[in-house]
Amino acid sequence: AQTVTQSQPEMSVQEAETVTLSCTYDTSENNYYLFWYKQPPSRQMILVIRQEAYKQQNATENRFSVNFQKAAKSFSLKISDSQLGDTAMYFCAFMKHSRGSQGNLIFGKGTKLSVKP
Amino acid sequence: DSGVTQTPKHLITATGQRVTLRCSPRSGDLSVYWYQQSLDQGLQFLIQYYNGEERAKGNILERFSAQQFPDLHSELNLSSLELGDSALYFCASSAGGAGGNTIYFGEGSWLTVV
């Protein structure tokens, strides 16, 4: 069974600075996908970034980038130039590439990020 | 706005009752998923439908059932409700049934069982 671990329950960062959120996962699968979702106080789940395990290049989306280390089963999220609107719960999620379980996003417990002015 | 629509947004009901949560997926998406978010269990996958067929099942209780209709909207039925069923229920959708499609979430339906 796959597991996703986020070891930092809470973090804070000053506005305009950079912060890195950690995520590790455990799987015996070779093909899979990794995601970071953001859940602001409104509670909506918003996709931040995704990474295909077969791609060596780290995914980037504007101020958000990941450091994907497949051998170490690590998938950290870096937020650059942090903004007040980045304040949210961040969830790391895993999905294995399989027709039968395509919908089975496995989530970590989340990291609560506070951006301070 | 993800394009996934859920109703109702909030619902308060008594123990033992039955409720139905409704979801309209993004235009063109064939897969619909249901997730439950509670304080003690975190985010859990319940069930997935693809083009009307059940595709994957997670930790869904026998008291819960779901279906996806020909117009691709989906309903999650929760019966014999217990206090512990109080949670935020998310519907999500994606384009296809093969692995790797990004899953987009609705705003959720808050269920409070009293």
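Residues numbered from 1 in each chain as written. Chains lettered and ligands numbered in written order. Predicted model: local features only at pLDDT ≥ 70, side-chain atom pairs only at ≥ 80, totals over all residues. Heavy atoms only, no water.

Colleague: Quick one: what's the story with the pattern of salt bridges, residue by residue and with numbers?
Modeller: Evaluation of the coordinates by the stated rule reveals nine salt bridges over all chains. The residue Glu 52 of chain A makes a salt bridge to Lys 55 of chain A at a minimum N-O spacing of 3.8 Å. With relative accessibility at 40%, the residue Lys 55 of chain A sits in the partly exposed group. Between Glu 82 of chain B and Arg 63 of chain B there is a salt bridge; the shortest N-O distance is 3.7 Å. A residue pair is termed long-range when its members are at least 10 positions apart, and Glu 82 of chain B in the loop between strand S8 (74-78) and strand S9 (87-94) and Arg 63 of chain B in the loop between strand S6 (53-57) and strand S7 (64-68) qualify at 19 residues. Members of the salt-bridge network, linked through shared partners, are Arg 50, Glu 52 and Lys 55 of chain A. (Salt bridge = Lys/Arg side-chain N within 4 Å of Asp/Glu carboxyl O. Buried < 20%, exposed > 50% of the residue type's maximum accessible area, 1.4 Å probe, protein only. Helix = DSSP H or I, 4+ residues; strand = E, 2+ residues; numbered from the N terminus.)

Colleague: Explain the side chain of Thr 102 of chain B to me, and be specific about the residues and the numbers.
Modeller: By the secondary structure assignment, Thr 102 of chain B is in the loop between S9 and strand S10 (104-105). Overall, the relative accessible area of 13% leaves Thr 102 of chain B in the buried class. One polar contact links Thr 102 of chain B to Arg 50 of chain A, side chain to side chain, over a distance of 2.7 Å. Ignoring any residue separated from it by four or fewer positions in sequence, one finds Thr 102 of chain B in contact with Phe 35, Leu 47 and Arg 50 of chain A together with Ser 93 and Ser 94 of chain B. (Polar contact = N/O pair within 3.5 Å; in protein donor to acceptor, adjacent residues only side chain to side chain. Contact = heavy atoms within 4.5 Å.)

Remember, this is a structural readout, not a statement about activity or role.
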